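For reference, the chains in residue letters:
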Amino acid sequence: MSSIRTDKLSKSYHLGSVEVPVLHDISLDIGEGEQIALVGPSGVGKSTLLHLLGALDRPTSGEVEIDGQAVSSLTSDQLAEIRNRKIGFVFQFHHLLPEFTALENVLMPARLNGDGESPKIVQRAKSLLDSVGLSHRMNHRPGELSGGECQRVALARAMINSPKILLCDEPSGNLDGDAAKAVHDLLLKLSREESTTLIVATHNREFAADLGWILRLHGGSVTSDKG
Ligand SMILES: Nc1ncnc2c1ncn2[C@@H]1O[C@H](COP(=O)(O)OP(=O)(O)OP(=O)(O)O)[C@@H](O)[C@H]1O
Ligand SMILES: [Mg+2]
């Protein structure tokens with residue numbers, strides 16, 4: 001079964017009476033565990049497409065299916081459940097909660113499920129922080145961490161509920177060379193280890209080339225370059 005399918009997905013924004021078309025009739029069939037780069041110039045619609053794939057926004061027409069379920073058929077409670085359990089998000093800015101430690105931030109999505117205190121999940125959070133090289137920083141708050149460290153905490157947080165799909169929007173956009181490379185390598189490693197489908201909007205050509213499949217957006221459409 002594919003993890004995400006889109007059928008003639010289109011999105012326009014409306015600014016007053018003016019229609020701003022962004023995506024037009026995009027049909028994709030993304031299998032489990034694929035590692036995909038979403039590339040294209042600024043303003044082409046990468047973030048828009050990621051938001052639709054993650055059911056954070058609704059299309060103007062067309063459909064997104066996540067694990068065989070049509071997103072348009074879901075109630076808002078079901079959508080919230082899918083977003084929290086099946087999908088992980090990493091954005092350009094880490095959006096960690098400043099008053100909580102790294103460990104507490106990683107546990108936050110599990111707490112939302114009422115599952116944040118179980119020894120098993122706390123162990124998973126520690127082990128994810130270890131995987132991203134931060135076992136010695138678990139009790140630090142975001143203000144006591146570097147930008148690259150915060151982004152690695154955000155990556156561990158995105159993985160805590162073992163999502164089937166990890167969506168990343170320029171996850172290294174705020175980082176310089178080495179810190180960016182560390183985030184790229186960790187995304188590849190963690191998604192491979194957990195067979196998570198990975199879709200990353202990125203302007204970084206080297207990282208895009210490391211992913212198995214490049215989706216290039218232009219003029220509202222997508223061309224596919226599967227390696
Ligand atoms: N809420 C909105 N209302 C109106 N227009 C919008 C809205 N959000 C995005 N757009 C427009 O949609 C187009 C696509 O935006 P999007 O953010 O998806 O681009 P992007 O490819 O992610 O760009 P970047 O590489 O700069 O992040 C842009 O022209 C943008 O101005
Ligand atoms: Mg964007």
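For the structure, check the block above.
Not measured: the values here are computed from a predicted model.

**Q** Would you mind showing me how to read the overall build of the protein chain here?
**A** In terms of regular secondary structure, the protein chain is built from seven helices and ten strands. A compact globule built from 227 residues should have a C-alpha radius of gyration of about 17 Å, and the protein chain, at 17 Å, falls within 12% of that. Seen through its C-alpha atoms, the protein chain measures out along the principal axes to roughly 50 × 40 × 40 Å. In the protein chain, 70% of the contacts between residues at least 6 apart in sequence involve partners at least 24 apart.

**Q** Is there a simple way to think about the site of ligand 1 in this case?
**A** Looking at ligand 1, the residues that line it are Y13, L15, V20, V22, G40, S42, G43, V44, G45, K46, S47 and T48. Only strand 1 (2–15), strand 2 (18–31) and helix 1 (46–53) provide two or more residues apiece to the shell around ligand 1. When residues of the shell around ligand 1 are assigned to their parent elements, the largest contribution, three residues, is made by helix 1. Of the residues that constitute the shell around ligand 1, the class distribution is five nonpolar, six polar and one charged.

**Q** Is there a simple way to think about the packing of helix 3 (residues 102–112) against helix 4 (residues 119–131) in this case?
**A** Where helix 3 meets helix 4, the closest approach of the two axes is 10 Å, and the angle between their N-to-C directions is 125°. On the basis of the axis angle, helix 3 is oblique to helix 4. The crossing of helix 3 and helix 4 is right-handed. Facing helix 3, whose interface residues are A102, L103, V106, L107 and A110, helix 4 presents I121, V122, A125, K126, L128 and L129.

**Q** It is not clear to me how the packing of helix 3 against helix 5 (residues 147–159) should be interpreted in this structure. Could you clarify?
**A** Between two packed helices, the angle of one axis relative to the other and the distance separating the axes together describe the packing. Where helix 3 contacts helix 5, the two axes come as close as 7 Å, and the packing angle between them is 30°. In terms of their interaxial angle, helix 3 and helix 5 are classed as roughly parallel. Handedness of the helix 3/helix 5 crossing: right-handed. Residues A102, N105, V106, M108 and P109 of helix 3 lie in contact with helix 5, whose contacting residues are V153, A156 and R157. Across the contact of helix 3 with helix 5, the residue classes break down as six nonpolar, one polar and one charged.

**Q** I would appreciate a short explanation of the environment of R124 in the present structure.
**A** For R124, the position within the fold is in helix 4. Looking at R124, the number of C-beta atoms within 10 Å reads 19, which means it is partly exposed. As a C-alpha pair, R124 and A156 span 32 residues in sequence and 9.6 Å in three-dimensional space.

**Q** How do you make sense of the sheet that holds strand 7 (residues 165–169) when you look at a structure like this?
**A** By way of backbone hydrogen bonds, the strands of a sheet pair with one another, either parallel or antiparallel. A sheet is described by the order of its strands in space; here six strands give the open sequence 6-7-8-3-9-10, paired in mixed fashion. Two strands bound the open sheet, and with one partner strand each, they are strand 6 (87–90) and strand 10 (221–226). Averaged over all adjacent pairs, the angle separating strand axes in this sheet is 20°, with direction ignored. Sheet contacts for helix 5: strand 6 and strand 7; angle to strand 6, the most-contacted strand, approximately 170°.

Criteria and cut-off values
- Residues numbered from 1 in each chain as written.
- Chains lettered and ligands numbered in written order.
- Predicted model: local features only at pLDDT ≥ 70, side-chain atom pairs only at ≥ 80, totals over all residues.
- Helix = DSSP H or I, 4+ residues; strand = E, 2+ residues; numbered from the N terminus.
- Rg over C-alpha atoms; globule rule 2.2 N^0.38 Å.
- Contact = placed C-beta atoms within 7 Å.
- Near = placed C-beta within 6 Å.
- Nonpolar A, V, L, I, M, F, W, Y, C, P; charged D, E, K, R; others polar.
- Axes fitted to C-alpha atoms, helices over the stretch in contact; angles between N-to-C directions.
- Parallel < 35°, antiparallel > 145°, perpendicular 65-115°, else oblique.
- Left-handed = near helix turned anticlockwise from the far one by under 90°.
- Buried ≥ 20, exposed ≤ 12 C-beta atoms within 10 Å, placed from the backbone.
- Pairing = 2+ DSSP bridges.

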